[in-house]
Amino acid sequence: MRHEGGNLIYALSNGKLVSVEDVPAGLKCDCFCPACGEQLVAKKGQKMTHHFAHKAGTNCAFGYQTSLHLLAKDILANARRMVIPELYLRPDKPWLRDHLISPAREIIIDKVDVEQNHGSIIPDVAVYAGGKKFFVEIYVTHTVDEEKLSKLKQAGISTIEIDLSKADRYIQAADLSEVLLGNSENKKWIFNTQVDKCYQAFLQVSEKRRIFHKGHVAYTDFCPRKLHWVNGKPCASQLEDCFNCDYQFEVGDDYVLCMGRSLVTSIDDLKKPRKERRPCRTSPVNFKTMADAKLWICPDCGYPLHRVEGKHSSFIGCSNYPWCNFTMPDNSK
């Protein structure tokens, strides 16, 4: 069949969106363009894909986009389950590691509002699930602009944008449902309240360390791992050490936010007591002898680690105790 690029396969009939496959041919379809409102003709021949055409022979520039937008909202309005996309805390520097806040997961939908007023915002769809509300914006021709994004942030309402700008012009409802409701790459969070909470949690366990230059090398001052010593101070090379260090959370023009003192490398670490966090360079480590343990340097203060015999078992501790309380499990047994 030959495709007609400018034609519709969805139209309005008695106020409802219908497929060209589900209506009689010709004017008997009793359908109208969802964009301009003109009467449509259902063309269902043998040589070209079934489609709607304007009775007057005009070519409405927005008919397809409007019909796709309406169909997407109709599918979401009747959905009972939906996969929400993964959520990341993404630092402002491309070389820093993304922190996964939550993976993509399926939710059960309690209620859906379509184009209802929520204060100063009218979202395409508002979804209620598990006692929470989030918005869904359908991107066909226009993405969410800065003004609307600013309103979403001020209102504190998490929002997903679903990109349909490159959707097949003849996409069927079942395929569109998979994009909208399944685990699709077309979906992303453009704003989520958890991101700011996570960012603030990382800030609380971070220390601001100065970046300085010695010759042609950029160093981070007072690195807790003590990888280099410059001018009598423990430092780390920005390029060789900090670049791939999981403790580096954020980088400014002249500073680093470092989580090394808190032993935090991930969101999961934030949920653990400090004594259960593992230094990023000590996993896995098996101490076979006392000499091996003493060669390992405490990531907090730089003093040697050693085996400590407790009442019930041994563990690896810092020789700078009680001024340093760093410990880790003894894996030598």
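From a predicted model like this one, the values you see are computed outputs, not experimental measurements.

Participant: What's the story with the environment of Val 256 in this structure? I'm lost.
Facilitator: Residue position: Val 256 is located in strand S20 (residues 255-258). As for Val 256 and Lys 153, which are separated by 103 residues in sequence, their C-alpha atoms are 27 Å apart. Among all residues touching Val 256, those that are not within four sequence positions of it are Glu 207, Lys 208, Arg 209, Ile 211, Thr 220, Gln 238, Gln 248 and Glu 250.

Participant: Could you clarify how one ought to interpret unusual backbone geometry in this entry?
Facilitator: Most peptide bonds adopt trans geometry, and most residues besides glycine take a negative phi value. Unlike most non-glycine residues, Asn 14 shows phi in positive territory, near 55 degrees. Its place among the elements puts Asn 14 in the loop between strand S1 (10-13) and strand S2 (16-19). With phi around 60 degrees, Leu 263 is a residue other than glycine that occupies positive phi space. With respect to the helices, strands and loops of the structure, Leu 263 is situated in the loop between S20 and helix H5 (267-270).

Participant: Looking at this model, I keep getting lost on the side chain of Ser 158. Mind explaining?
Facilitator: Residue position: Ser 158 is located in the loop between helix H2 (146-155) and strand S13 (159-163). One polar contact links the side chain of Ser 158 to the main-chain amide nitrogen of Thr 193, over a distance of 3.2 Å. Not counting residues up to four positions away in its chain, the partners in contact with Ser 158 are Phe 134, Phe 135, Trp 189, Phe 191, Asn 192 and Thr 193.

Participant: Even after reading the chapter, I still don't get the sheet that holds strand S14 (residues 187-191), so can you show me in this structure?
Facilitator: In any sheet, the strands associate via hydrogen bonds between backbone groups, in a parallel or an antiparallel arrangement. What the five strands build is an open sheet, ordered S10-S11-S12-S13-S14; its pairing is mixed. Each of the sheet's edge strands pairs with one partner strand only, and the pair in question is strand S10 (111-114) and S14. Recorded for the sheet is a direction-independent mean angle of 25 degrees between the axes of neighbouring strands. Where S10 and strand S11 (residues 125-129) come together, four bridges link them in antiparallel fashion.

Participant: It is not clear to me how the pattern of salt bridges should be interpreted in this structure. Could you clarify?
Facilitator: Tallied over the entire structure, the rule returns 11 salt bridges. As a salt-bridge pair, Asp 221 and Arg 210 come within 3.0 Å of each other at their nearest N and O atoms. Taken together, the residues span a long stretch of sequence, with Asp 221 in strand S16 (residues 217-221) and Arg 210 in strand S15 (residues 207-214) at a distance of 11 residues. With a relative accessible area of 5%, Asp 221 lands in the buried category. With a relative accessible area of 43%, Arg 210 lands in the partly exposed category. Note that Lys 233 is salt-bridged to Asp 221, the shortest N-O span being 3.3 Å.

Participant: Just to check I follow, could you spell out the sheet that holds strand S21 (residues 305-309) for this structure?
Facilitator: Taken in spatial order, the three strands of this open sheet run S21-S22-S23, and their pairing is antiparallel. Strand pairing shows two members of the sheet lacking a second neighbour, S21 and strand S23 (327-329), which therefore form its edges. Each strand axis lies, on average, 35 degrees off the axis of its neighbour in the sheet, ignoring direction. Two elements, S21 and strand S22 (residues 314-318), share five bridges in a ladder whose sense is antiparallel. For Glu 309, the partnering residue across the bridge sits in S22 and is Ser 314.

Participant: How do you make sense of a nonpolar patch on the surface when you look at a structure like this?
Facilitator: Taken together, the side chains of Trp 95, Leu 239 and Phe 243 present a nonpolar region at the surface, about 340 Å² in accessible area. For Phe 243, the position within the fold is in the loop between strand S18 (233-237) and strand S19 (248-251).

Participant: Even after reading the chapter, I still don't get the packing of helix H1 (residues 63-77) against helix H3 (residues 173-181), so can you show me in this structure?
Facilitator: For any two helices packed against each other, one specifies the crossing angle of their axes together with the interaxial distance. At their nearest, the axes of H1 and H3 sit 10 Å apart, and the two run at 65 degrees to each other. On the basis of the axis angle, H1 is roughly perpendicular to H3. For the crossing formed where H1 meets H3, the hand is right-handed. On H3, the residues that touch Leu 68, Leu 71, Ala 72, Ile 75 and Leu 76 of H1 are Ala 173, Leu 176, Ser 177, Leu 180 and Leu 181. In the contact of H1 with H3, the residues fall into nine nonpolar, one polar and no charged.

What counts and how
For every chain, the first residue of its written sequence is number 1, and the numbers climb from 1 along that sequence. In view of the model being predicted, local features appear only for residues whose pLDDT reaches at least 70, and side-chain atom pairs are presented and counted only at 80 or more, with totals across whole chains, interfaces and linings using the full set of residues. In computing side-chain values, all of the structure's heavy atoms are included and hydrogens and water are not. Helix and strand assignments follow DSSP, with helices taken as H or I runs no shorter than four residues and strands as E runs no shorter than two, numbered in order from the N terminus. Here, two residues are considered to be in contact whenever any of their heavy atoms come within 4.5 Å of each other. Distance and chemistry together define a polar contact, namely a pair of N or O atoms within 3.5 Å, with one atom able to donate a hydrogen and the other to accept it when in protein, and with adjacent residues in sequence counting only for side-chain atoms on both sides. Any two strands are treated as partners once DSSP identifies two or more bridges connecting them. Only the stretch in contact is used when a helix axis is fitted, and all axes are lines through C-alpha atoms; the angle between N-to-C directions ranges over 0 to 180 degrees. By definition, a salt bridge exists where a carboxyl oxygen of Asp or Glu is found within 4 Å of a side-chain nitrogen of Lys or Arg. Relative accessibility under 20% of the residue-type maximum defines a buried residue, over 50% an exposed one, and the middle range a partly exposed one, all with a 1.4 Å probe and only protein chains included. Each patch is built from residues lacking any salt bridge and having more than 30% relative accessible area; the joining distance is 9 Å for like charges and 5 Å for nonpolar side chains (Val, Leu, Ile, Met, Phe, Trp, Tyr). Only the protein chains shown count as cover for residues, and the accessible areas themselves come from Shrake-Rupley with a 1.4 Å probe. In what follows, roughly perpendicular refers to angles from 65 to 115 degrees, roughly parallel to angles under 35, roughly antiparallel to angles over 145, and oblique to any angle outside these ranges. If you view the pair so one helix is near and one far, a crossing is left-handed when the near helix is turned anticlockwise from the far one by less than a right angle, and right-handed when it is turned clockwise. Note that Gly is not counted as nonpolar here; it falls among the polar residues with everything else outside the nonpolar set of Ala, Val, Leu, Ile, Met, Phe, Trp, Tyr, Cys and Pro and the charged set of Asp, Glu, Lys and Arg.

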